Amino acid sequence: MNTDTPLDPRGVDRVPVGPLLSIFDPVYLGIDEYGHPVYLPMIYRNILIGGEPGSGKSSLLNTIVAHAALCPDVRLCLLDGKQVELGLWENAADVFVGPAIIRAITTLRRVQTVMDNRYAYLKAHRRRKIGPNDVFGQILVACDEIAYFSATAGDKKEQELFSALLRDIVARGRAVGIIVAAATQRPSSDIIPPSLRDLFAWRFAGRTTNDVSSDIVLGHGWYARGFTANSIDPNNQGEGYLIAEGGTPNRVKAAYLTDADIIRLADYAAYIRRPKPDPNEWEMAA
Ligand SMILES: Nc1ncnc2c1ncn2[C@@H]1O[C@H](COP(=O)(O)OP(=O)(O)OP(=O)(O)O)[C@@H](O)[C@H]1O
Ligand SMILES: [Mg+2]
């Protein structure tokens, strides 16, 4: 007797297939002041997110990580001294570093080695940068609250080493598909050396406590030209100014993922990234 069920004519019994993105697709960030969608091309670029406590930095970082997590061509390397902001993505990440500065340094050293090896490969093949569907995938290094690693945990030597490694990855990682997204409450020189801060192609300033802090994120002189993140309503979390190299700041309201959204996306991302069985092994077992 055939116990199989007939196909549902409405097609509802199909296996649901989730969206697969690529890091070569721009990341959906939110809407601008006219309600138009804002997309951020992240490949070959880095982003620095600044703003006062509660301005929506971690939420924006989560939106960027969410896009990357759904991209099978990106591996995630997450650093979060607070643990809970990026912790929900742990199962989808290659590395998750909590409040452990030595582990953060070791992880950045590994990323640096990967970067050097990739450049050696490109040079050997007489190429200057990687492209889509290249031999190696991309890596997103996401770091929430840089200050924890660069100014709080460990001793001065370790903090400086962390900052130097991060600066090297931000400066040289782009052409070999290593992208950095980092957040900080205040990107002043005691937290991030200006030589590191100025390397970020994209900067997002959530509400800042004063005009000077806004200029620190967006770049010197924007307050004088009428753009200050201090003008953002404190109750309007996720709103901020986004600026790209050589551009003008644009007002953006970032999209927001609730914890339930993140858990659902992270579970799906972990599922699509699970280790696949080796077909040769199956053959041998048969
Ligand atoms: N885009 C957004 N839309 C609506 N609400 C938001 C948005 N972003 C953040 N929020 C709200 O603001 C709260 C604080 O956001 P978030 O934790 O991202 O701030 P933060 O800048 O990382 O703060 P901290 O500096 O303390 O880490 C969130 O819990 C959420 O309720
Ligand atoms: Mg935060």
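Whatever comes next refers back to the structure up there.
Chemist: In this structure, what is going on with the site of ligand 1? I would like to understand it.
Modeler: Around ligand 1, 16 residues are found, and the nearest of them are G54, K57, S58, S59 and A254. For ligand 1, an oxygen atom lies 2.8 Å from a polar atom in the backbone of G54. A distance of 3.2 Å separates an oxygen atom of ligand 1 from a polar backbone atom of S55. For ligand 1, whose accessible area on its own is 630 Å², the fraction buried by protein is 73%. Every element with two or more residues in the shell around ligand 1 is listed here: α1 (57-69) and β10 (250-254). Per-class residue counts for the shell around ligand 1 are four nonpolar, eight polar and four charged.

Chemist: I tried to follow the pattern of salt bridges on my own but got confused; where do I start?
Modeler: Between side chains of opposite charge, pairing is possible as soon as their charged atoms come close. Counted by the stated rule, this structure contains nine salt bridges. Salt-bridge contacts for R75 lead to D94; the nearest nitrogen and oxygen are separated by 2.6 Å. Taken together, the positions of R75 in strand β4 (residues 74-80) and D94 in the loop between β4 and β5 (95-97) put the pair 19 residues apart, joining distant regions of the chain. Between D168 and R172 there is a salt bridge whose closest N-O contact spans 2.7 Å. Taken together, the positions of D168 and R172, both in helix α4 (residues 156-172) and four residues apart, correspond to about one turn of that helix. Residue D168 is classed as buried on the basis of its relative accessible area, which comes to 17%. A single salt-bridge network, built from bridges that share partners, covers D116, D168 and R172.

Rules used throughout
Residues numbered from 1 in each chain as written. Chains lettered and ligands numbered in written order. Predicted model: local features only at pLDDT ≥ 70, side-chain atom pairs only at ≥ 80, totals over all residues. Heavy atoms only, no water. Near = heavy atom within 4 Å. Polar contact = N/O pair within 3.5 Å; in protein donor to acceptor, adjacent residues only side chain to side chain. Areas by Shrake-Rupley, 256 points an atom, 1.4 Å probe, with all protein chains shown as cover. Helix = DSSP H or I, 4+ residues; strand = E, 2+ residues; numbered from the N terminus. Nonpolar A, V, L, I, M, F, W, Y, C, P; charged D, E, K, R; others polar. Salt bridge = Lys/Arg side-chain N within 4 Å of Asp/Glu carboxyl O. Buried < 20%, exposed > 50% of the residue type's maximum accessible area, 1.4 Å probe, protein only.

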